Structure formats: structure tokens, C-alpha cells
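# Remarks on the overall topology
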Amino acid sequence: MDLGLKNKSVLVLASGSGLGKAIAGEFLKEGASVVLAGRTEEKLASAAADLEKLTGSRPRFSPCDITKPEQIKGLVAFASETSGRVDVLVNNAGGPPAGTFESFDDGAWVGAFELTLLSYVRAIREVLPLMKKNGWGRIVNSTSSSVREVIENLILSNTFRLGVIGLTKTLSAEFAPYGILVNAIGPGRFDTERIRSLDRSLAERKGLPVEEVSKGALSRIPLGRYGIPEEYGRLAAFLGSEANTYITGQTILADGGMVRAVP
Ligand code: NAP
């Protein structure tokens, strides 16, 4: 299938490593022009070099802390400066800290809101005029399997990611007249630094060896393994492409069958 992504201008947030980087890689493989963003310039430079080796195309990158509205504005200006367009926005962010209700004060709640939900709102606000002008756009909001089944010790993620789902569904109707399709995706357990650190945190809390925690997690995944980030990237690339003409307002998990909730 031709995804129709050649020369599309794609912005992927939080893409210096992990799932964001893999998403960027899949868009590059399809011939899109991609901008990476994250807080650490060296990480972005190294991701850009890796992705060029992998795909033959070099992404541009710009340091950006997505909790800072001025930096998001600057990033979107950077992403659109050569073509005047951002055709596809993939919203992604670092995970909020692990913990239970009693772990967090107001500052932590506000910080998680800004990172997990408000950053997506702000990025969408910046790209909207560009997509409207073009009469075409795709927005893919990355969340977590926690939007279908809450995850132990992750109260901040469990709470604010559901806001992203409400946002996605609402915008799918509001933006449909502009030719903009808006969807959410959620990973189950993919082998990235975030998952390794969550396994370590849970092991510490329960006083168990980390291997035991990982083994328990694997036993709940029917496909019997953690996902490979590229498998998640392909889902994002499809939803963010011209091949996707009729899917909007949906939340789709890539989880190897882990979440038992219906739908
Ligand atoms: P990761 O490997 O830790 O990567 C997160 C990326 O986000 C890093 O490149 C980091 O780069 C960037 N980042 C963090 N804070 C940022 C900020 N304020 N501004 C801009 N960039 C920022 O995590 P991941 O596994 O790819 O996960 C991505 C998201 O999916 C996270 O929210 C995670 O909780 C969620 N998730 C992942 C899984 C999984 O299976 N991996 C499962 C469920 C949910 P800098 O530090 O350089 O900014």
C-alpha cells in the first residue's frame, strides 16, 4: 500500500528516543520530511544520525521542552519554515512519574497535566492554522494502554491520558470540516527505557527482583513478548497518512493483545 506520505511535512514530539523516534523512522521510510523534537540536543542529533542510517533520509531536529508554550511555537515555526506546512502532527511526551495517590502534591499533578495533556493542546493550536489553510491534516495523539485499563502505580498517567482521549474524540468532529483527521494510539509494553524504568520502580516498591516483575508483565501478553517500537511506528504512520481517509476519533492500541477490556 502506498501511504501517500512522500514529501509530507511531519512533526513528531518527544522523538529523540523510544517510541517517538521509531514513529519518526516509519514516516521517513515512507518518504516524508520529518522534524524531531525533544529537550536534549545531543540525543536528537544522535537519533537523526541513526534514522538516516536506517532509512537513507535525514530528519531535521529542534530542541524543545513541550511543557513550554513559547518553545512549541518556535518548534512549529521551525517545522514549517521550508514548506510552509505541517501536514502531520504526532503528539508524544515523556511519561509522567510513577506513583500512587499518596505520592504526589499539587505541583506534581500540575506538572503531569502540562506534560501529558496541555502540551498536546498547545501543539495542536499551533499547527491548526497551517492544516486548515491546506484543507488537509492528520493528528495522531500517542497515549497508553492505560486509557482502556488503568495501570498500577501510574495514577498521573491513568488520569491525564483519558483527557487526551476526550480531546481526540471532540476534535475529530470539530476538525472534520477542515479535512483534518484526529486519532489516538496507545502502546501496551514496548521495549524502551521508559518501560525498563517502570519495571525497576515497581520491583523496588514490591521488594521483588526486576526480572520477576518483567516476567509477570510478559505472562499477561498473549503474543508473549514486548513490542518492538517500529511496530508502534507503523500504526502511527498509517493513521497519519493519505491512506487513512475514513478513520477519525478512534483510539487504537498496539499491545500484543494485553488489554482484555472491550472494545
Ligand atoms: P522514553 O524512551 O522515555 O522516551 C521519551 C522521550 O520523550 C525522550 O526522548 C525524551 O527526550 C522526551 N521527552 C521527555 N520529556 C519531554 C519534554 N518535556 N519535552 C520534550 N520531550 C520530552 O519513553 P517511550 O517508551 O518512548 O514512551 C513515550 C511515551 O509513551 C511516554 O509518555 C510513555 O509513558 C508512554 N508509554 C510508553 C509505553 C511503552 O511501552 N514504552 C507504554 C505505555 C505508555 P528528552 O529527555 O531529551 O526530552
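Residues numbered from 1 in each chain as written. Predicted model: local features only at pLDDT ≥ 70, side-chain atom pairs only at ≥ 80, totals over all residues. Heavy atoms only, no water.

## Focus: the site of the ligand
Contacts to the ligand come from 28 residues, most closely from S17, T40, A93, F190 and T192. The side chain of D65 places a nitrogen or oxygen atom 2.9 Å from a nitrogen atom of the ligand. Protein chains shield 91% of the accessible area of the ligand, which is 880 Å² for the free molecule. Of all the elements in the fold, those that place two or more residues in the shell around the ligand are helix 1 (18–29) and helix 6 (193–206). When residues of the shell around the ligand are assigned to their parent elements, the largest contribution, three residues, is made by helix 6. Residues that form the shell around the ligand fall into these classes: nine nonpolar, twelve polar and seven charged. (Near = heavy atom within 4 Å. Polar contact = N/O pair within 3.5 Å; in protein donor to acceptor, adjacent residues only side chain to side chain. Areas by Shrake-Rupley, 256 points an atom, 1.4 Å probe, with all protein chains shown as cover. Helix = DSSP H or I, 4+ residues; strand = E, 2+ residues; numbered from the N terminus. Nonpolar A, V, L, I, M, F, W, Y, C, P; charged D, E, K, R; others polar.)

## Re the packing of aromatic side chains
Scanning the model with the defined rule gives four aromatic pairs in all. Ring plane angle 65 degrees and centroid distance 5.8 Å describe the contact between W109 and F160, whose orientation is recorded as edge-to-face. Here F160 lies in helix 5 (residues 155–175) and W109 lies in helix 4 (residues 106–134), a separation of 51 residues in the sequence. With relative accessibility at 13%, the residue F160 sits in the buried group. An angle of 50 degrees between the planes, with centres 6.0 Å apart, marks the rings of F113 and F160 as tilted. Taken together, the residues span a long stretch of sequence, with F113 in helix 4 and F160 in helix 5 at a distance of 47 residues. Positioned above the aromatic ring of W136, the side-chain terminus of K8 is 4.6 Å from the ring centre. Positioned over the ring face of F78 is R60, at 4.3 Å from the centre of the ring. (Phe/Tyr/Trp six-rings, centres within 6.5 Å; stacked < 30°, edge-to-face > 60°. Buried < 20%, exposed > 50% of the residue type's maximum accessible area, 1.4 Å probe, protein only. Lys NZ or Arg CZ within 6 Å of the ring centre and 35° of its normal.)

## Details of the environment of S103
Its place among the elements puts S103 in the loop between strand 4 (88–91) and helix 4. Taking the C-alpha atoms as reference points, S103 and L253, 150 residues apart in sequence, are found 28 Å from one another. A polar contact of 2.7 Å, which involves the side chain of S103, links it to the backbone nitrogen of T100.

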